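# Descriptive analysis of the structure
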Amino acid sequence: MREQPERETLDLIEMRRQLTALRSKHSDNLLIASLLNRFFVKVAFLVEPTDLAQEQYLRSEFEQTLIKVKEIAARTKSE
């Protein structure tokens, strides 16, 4: 019986899909589009993280980017 990995590996393809979908959804908001574009550049050419530290960094950056998108969207919606 094969041992199951203790952690789920980072799916960069899914991450890029989510970034693309968010960018399309918020295409009229330059702040959000540029934020997403900056992060997209970080993962655009990666096939997989080089090590655990890079994987953790990318997960953290992705989560922070999603939080910032929500904050910007909430601010601009109320204006």
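Note that the structure is predicted; figures quoted are calculated from it, not measured.

How each quantity is defined
Residues numbered from 1 in each chain as written. Predicted model: local features only at pLDDT ≥ 70, side-chain atom pairs only at ≥ 80, totals over all residues. Heavy atoms only, no water. Helix = DSSP H or I, 4+ residues; strand = E, 2+ residues; numbered from the N terminus. Buried < 20%, exposed > 50% of the residue type's maximum accessible area, 1.4 Å probe, protein only. Contact = heavy atoms within 4.5 Å. Areas by Shrake-Rupley, 256 points an atom, 1.4 Å probe, with all protein chains shown as cover. Lys, Arg positive; Asp, Glu negative; His and termini not counted. Salt bridge = Lys/Arg side-chain N within 4 Å of Asp/Glu carboxyl O. Polar contact = N/O pair within 3.5 Å; in protein donor to acceptor, adjacent residues only side chain to side chain. Core = buried A, V, L, I, M, F, W, Y, C linked by side-chain atoms within 4.5 Å. Expected span 1.5 Å × (residues − 1). Arc of directions from axis to C-beta.

## Remarks on the overall build of the protein
- Of regular secondary structure, the protein possesses three helices and zero strands.
- Along the protein, from the amino end to the carboxyl end, the secondary structure elements read α-α-α.
- In the protein, which comprises 79 residues, the share counted as buried stands at 29%.
- Partitioning the contacts of the protein with sequence separation of at least 6, the portion at a separation of at least 24 is 69%.
- Put simply, the protein shows about 6,300 Å² of open surface, and 53% of that area lies on carbon and sulfur atoms.

## Regarding the environment of R38
- If you trace the backbone, R38 turns up in helix α2 (residues 30-43).
- The class of R38 is exposed, set by a relative accessible area of 52%.
- Distance in space between the C-alpha atoms of R38 and T65 is 9.7 Å, their sequence separation being 27 residues.

## Focus on the side chain of R16
- Relative to the helices and strands, R16 is located in helix α1 (residues 12-25).
- Buried and unpaired, R16 has no salt bridge, with D11 as the nearest side chain of opposite charge at 6.9 Å.
- Polar contacts involving the side chain of R16 include one to the main-chain carbonyl oxygen of L46, which spans 3.2 Å.
- Here R16 is in contact with F40, V43, A44 and L46, once residues within four sequence places are set aside.

## Remarks on the nonpolar core
- Core analysis: the largest hydrophobic core is formed by 16 residues, its most contacted members being L12, M15, L19 and V43.
- Looking at this core, the element that brings in the most residues is α2, giving six residues.
- The contact partners of M15, leaving out residues within four places of it in the chain, are L10, F39, V43, L58 and F62.

## Comments concerning α2
- Along its 14 residues, α2 runs 20 Å from first to last C-alpha, staying within 8% of the 20 Å computed at 1.5 Å per residue.
- All buried positions along α2 are accounted for by I32, A33, L35, L36, F39, F40 and V43. Buried residues of α2 fall within an arc of 160 degrees about the axis and therefore sit on the same side. When the buried face of α2 is taken as reference, the exposed residues oriented beyond 90 degrees from it are L30, L31, R38 and V41.
- With a side-chain oxygen lying 3.1 Å from the backbone nitrogen of L31, the N-terminal cap of α2 falls on N29.

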